[in-house]
Amino acid sequence: MAYYTQKQLAELGFKYIGKNVKISDKASIYNHNEIEVNDNSRIDDFCVISGKIKIGRNVHITPTCLVAGGEMGIVFEDFTTVAYGVQIFTKSDDYSGATMTNSTIPKKYKNEYMKEVILKKFTIVGAGSIVMPGVILEEGTSVGSMTLVLKSTEPWGIYVGNPAKRLKDRKKDLLDLEKQYLNNEEKFDDTI
């Protein structure tokens, strides 16, 4: 994967770029001035990132993800991951037929639902999953592949299915690993 240099990232006009940020030169990024990317985070090939986005530390957005922050925004807290092909939306049309739909129609003829999405610390979203507007993935949430997330989760749970249902509790062993990592982080800077 080819990544932008730190100089190139600075020239793109992001709202904020931290240290050791890696963004593929094959990712499509829109609204740079509304996007914050903190230390050690990475966006891979063929992602589409747009709108108001705040990316914490050590966040990984893997290839072919769609992150549509729109006006409401998406927050990725520290140590979150979205796997291949994940789609996250902050806006959806009204599919009932009561109003018109799609981006070519003026707003007065539509009823769009718009709400912020938050992925709290230590969330991971499996390949091919979809997260809809207004969802809050609470700390430690794990979403299995091909899951449709329509409602907010409870902390430290594993969710699967269409629609997402809590399967079981998620282990918290990674909290000890976080402490070790943060205590040794300066040793790892050039290996990420």
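The structure presented is a predicted model; accordingly, all values stated were derived computationally and were not measured.

**Q** For the overall build of the chain, give the residues involved together with the corresponding values.
**A** If you tally the helices and strands in the chain, you get two helices and 22 strands. Relative to the globule expectation of 16 Å for 192 residues, the C-alpha radius of gyration of the chain, 17 Å, shows essentially globular dimensions. For the chain, the residues scored as buried account for 42% of the 192 residues in total. For the chain, contacts bridging at least 24 residues in sequence account for 22% of all contacts bridging at least 6. Of the roughly 10400 Å² of accessible surface on the chain, a fraction of 53% belongs to carbon and sulfur atoms. The average position of the 25 basic charges and that of the 25 acidic charges among the side chains of the chain differ by 3 Å.

**Q** Please set out the confidence of the model for the chain residue by residue, giving values where relevant.
**A** Looking at the chain, the pLDDT average stands at 96 and 96% of residues meet or exceed 70. Model confidence for the chain, summarised as mean pLDDT per element, is weakest for helix 2 (residues 174-188) at 87 and strongest for strand 15 (residues 117-119) at 99.

**Q** Break down the nonpolar core for me, citing the residues and quoting the values.
**A** One broad trend across soluble globular proteins is that nonpolar side chains are buried collectively. Formed by 30 residues in total, the largest nonpolar core has its most connected members in Ile-43, Ile-49, Ile-61, Phe-76, Val-82, Ile-88 and Leu-119. Counting residues per element, the ones that place at least two in this core are strand 4 (35-37), strand 7 (53-55), strand 10 (74-76) and strand 15. Leaving out residues up to four positions away in the same chain, Leu-119 has contacts with Ile-74, Val-75, Phe-76, Glu-77, Thr-80, Val-82, Ile-88, Val-125 and Leu-137.

**Q** Account for the pattern of salt bridges, naming residues and giving values.
**A** Across all of its chains, the model carries 10 salt bridges by this definition. A salt bridge links Lys-7 to Glu-11; the nearest nitrogen and oxygen atoms lie 3.8 Å apart. Linking Lys-7 with Glu-11, this pair stays in helix 1 (residues 6-12), spanning four residues, or about one helical turn. The residues Lys-7 and Glu-11 share a single accessibility class, namely exposed. The partner of Lys-107 in a salt bridge is Glu-71, with the nearest N and O atoms 3.5 Å apart.

Reading the values: the criteria
- Sequence order sets the numbering: in each chain, residues are counted from 1 along the sequence as written.
- Reporting in this predicted model follows two pLDDT cut-offs: at least 70 for local features of residues, and 80 or more for side-chain atom pairs to be given and counted; totals over whole chains, interfaces and linings ignore these cut-offs and use all residues.
- Only hydrogens and water are set aside when side-chain values are computed; all heavy atoms of the structure are taken into account.
- Each helix corresponds to a stretch of at least 4 residues labelled H or I by DSSP, and each strand to a stretch of at least 2 residues labelled E; elements are numbered beginning at the N terminus.
- It is over C-alpha atoms that the radius of gyration is taken, and the globule rule equals 2.2 Å times the number of residues to the power 0.38.
- Partly exposed describes any residue whose relative accessible area lies between the buried limit of under 20% and the exposed limit of over 50%, with all areas from a 1.4 Å probe on protein chains only and scaled to the type maximum.
- Contacts are assigned to residue pairs with any non-hydrogen atoms lying within 4.5 Å of each other.
- With residues, only the protein chains shown are counted as cover, and all accessible areas are computed by Shrake-Rupley using a 1.4 Å probe.
- Charge counting follows a simple rule: Lys and Arg are positive, Asp and Glu are negative, and His as well as the terminal groups are ignored.
- By convention, charge coordinates are those of NZ in Lys, CZ in Arg, CG in Asp, or CD in Glu.
- Confidence scores labelled pLDDT are given residue by residue by the predictor and lie between 0 and 100.
- Remark: nonpolar core denotes a set of buried residues (Ala, Val, Leu, Ile, Met, Phe, Trp, Tyr, Cys) joined through side-chain atoms within 4.5 Å.
- By definition here, a salt bridge exists when the distance from a side-chain nitrogen of Lys or Arg to a carboxyl oxygen of Asp or Glu is within 4 Å.

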